[in-house]
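An overview of the molecular structure
As a plain string of letters, each chain reads:
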Amino acid sequence: MKTLSSPYFKFLTFACACLILTISACNHDTAAADDAPVQSQTPVTVTSISNGTMADSITLNATSSFMQKSYVKANAIGYIQRVYVKPGQYVSAGQLLFTIKTKEAQSIGNTINVLDTTFKFSGVNRIKASSSGYITQLLHQVGDYVQDGEQLAAISDKESFAFVMQLPYELQSTLHNNQDITLTLPGGHTLNGRVASVLPSVDTLSQTQGVVIRVNSADPIPENLVARAHIIKSAKSNVPSLPKSAVLANETQTDFWVMKLINDTTAIKVAVQKGIETGTQVEILSPKFGPADKIVVTGNYGLADTAKVKIVKP
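Figured I'd write up the structure that's included with this text. (Residues numbered from 1 in each chain as written. Predicted model: local features only at pLDDT ≥ 70, side-chain atom pairs only at ≥ 80, totals over all residues. Heavy atoms only, no water.)

Across its full length, the protein holds three helices and 22 strands. The buried share of the protein, reckoned over its 314 residues, is 32%. Total accessible area computed for the protein in this model is approximately 19600 Å², and 54% of it derives from carbon and sulfur atoms. (Helix = DSSP H or I, 4+ residues; strand = E, 2+ residues; numbered from the N terminus. Buried < 20%, exposed > 50% of the residue type's maximum accessible area, 1.4 Å probe, protein only. Areas by Shrake-Rupley, 256 points an atom, 1.4 Å probe, with all protein chains shown as cover.)

Shown next as structure tokens:
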């Protein structure tokens with residue numbers, strides 16, 4: 001009979017201890033594996049590079065104005081006897097505007113005609129419009145005493161109506177490609193205009209130059225109405241671009257990147273160089289993306305390099 005101190009029992013005891021340690025280690029590894037955190041996947045939508053025509057544009061203000069005004073003046077010293085127009089009224093060239101009774105006729109009255117009936121003396125002068133347009137100023141009324149040459153009214157020439165756009169002088173070269181300009185009025189109505197001339201002066205403070213834009217409108221447009229003029233600075237065709245939301249930037253707007261998928265679940269950070277920007281698209285100068293490349297367009301904010309993602313349908 002073998003005793004507890006025999007080599008056989010020593011070997012059996014050692015084997016049991018090893019088995020217990022092995023089982024304990026396996027259980028520990030299994031528990032550790034179960035407790036390991038599972039990396040989450042960020043839901044994203046993706047897009048691909050697109051090619052098309054893009055234009056870099058700027059919006060400037062253009063103010064409606066009558067470029068020419070004629071001034072109606074008194075042709076004698078006397079009293080205004082009658083006024084035939086009102087402010088804002090449209091008048092034609094040659095239309096009667098005022099009658100003035102001279103100072104002498106007002107003093108003498110009808111005495112001369114009583115003494116000599118053949119002498120047709122009224123002392124009334126008739127003043128007519130020299131051009132067609134709108135009465136924008138009416139300075140005197142019936143009974144006013146006026147001097148010879150005194151201004152009575154102002155007529156804004158209808159044919160001289162235009163919009164004056166203030167163009168920064170450094171953008172003067174853009175006029176070659178913007179002879180036809182679309183103007184957007186308050187309320188959303190648009191007008192087609194064309195550059196007629198450039199004023200020969202520059203504003204001292206703003207360094208802008210006035211550009212006269214002629215428009216054709218069936219409806220009358222008031223003076224001093226501010227419209228928005230759309231000016232194209234440069235245009236390119238067959239330009240690779242991405243939606244603006246796909247391009248991320250640092251706080252100082254000096255570095256730009258996109259999140260590109262290298263497989264169905266991993267997105268990496270790729271630095272890009274931007275070109276022309278429109279309201280919704282950004283030109284990508286480099287690198288060159290292929291049509292099969294998938295770029296994250298939503299859900300990309302805050303993603304780290306080699307982030308785990310899950311593609312969802314938009």
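Across the sheet, which stays open at both edges, the four strands sit in the order E7-E6-E4-E9 with antiparallel pairing between neighbours. At either end of the open sheet lies a strand with only one pairing partner, and these are strand E7 (124–128) and strand E9 (145–146). As paired elements, strand E4 (residues 78–83) and E9 share two bridges and run antiparallel to each other. Considered in E9, the bridge of tyrosine 79 is made with tyrosine 145. (Pairing = 2+ DSSP bridges.)

Take the sheet that holds strand E5 (residues 90–91) next. Taking strand neighbours across the sheet as the criterion, the four strands line up as E3-E10-E8-E5 in an open arrangement whose pairing is antiparallel. Either end of the sheet is taken by a strand with one partner, and the two such strands are strand E3 (69–73) and E5. Of the pairings in the sheet, the one linking E5 to strand E8 (residues 133–138) comprises two bridges and is antiparallel in character. Each residue of the ladder has a partner; that of tyrosine 90, found in E8, is tyrosine 134.

So, about unusual backbone geometry. For residues that are not glycine, phi is negative in most cases, and the peptide bond is trans in most cases. With an omega dihedral of -5 degrees, the bond running from serine 286 to proline 287 counts as a cis peptide bond. Mapped onto the fold, proline 287 is located in the loop between strand E20 (281–286) and strand E21 (295–298). A positive phi is found at asparagine 224, a non-glycine position, where the angle reads about 70 degrees. With a phi close to 55 degrees, glutamine 253 is a non-glycine residue in the positive phi region. With respect to the secondary-structure elements, glutamine 253 resides in the loop between strand E16 (248–249) and strand E17 (256–261).

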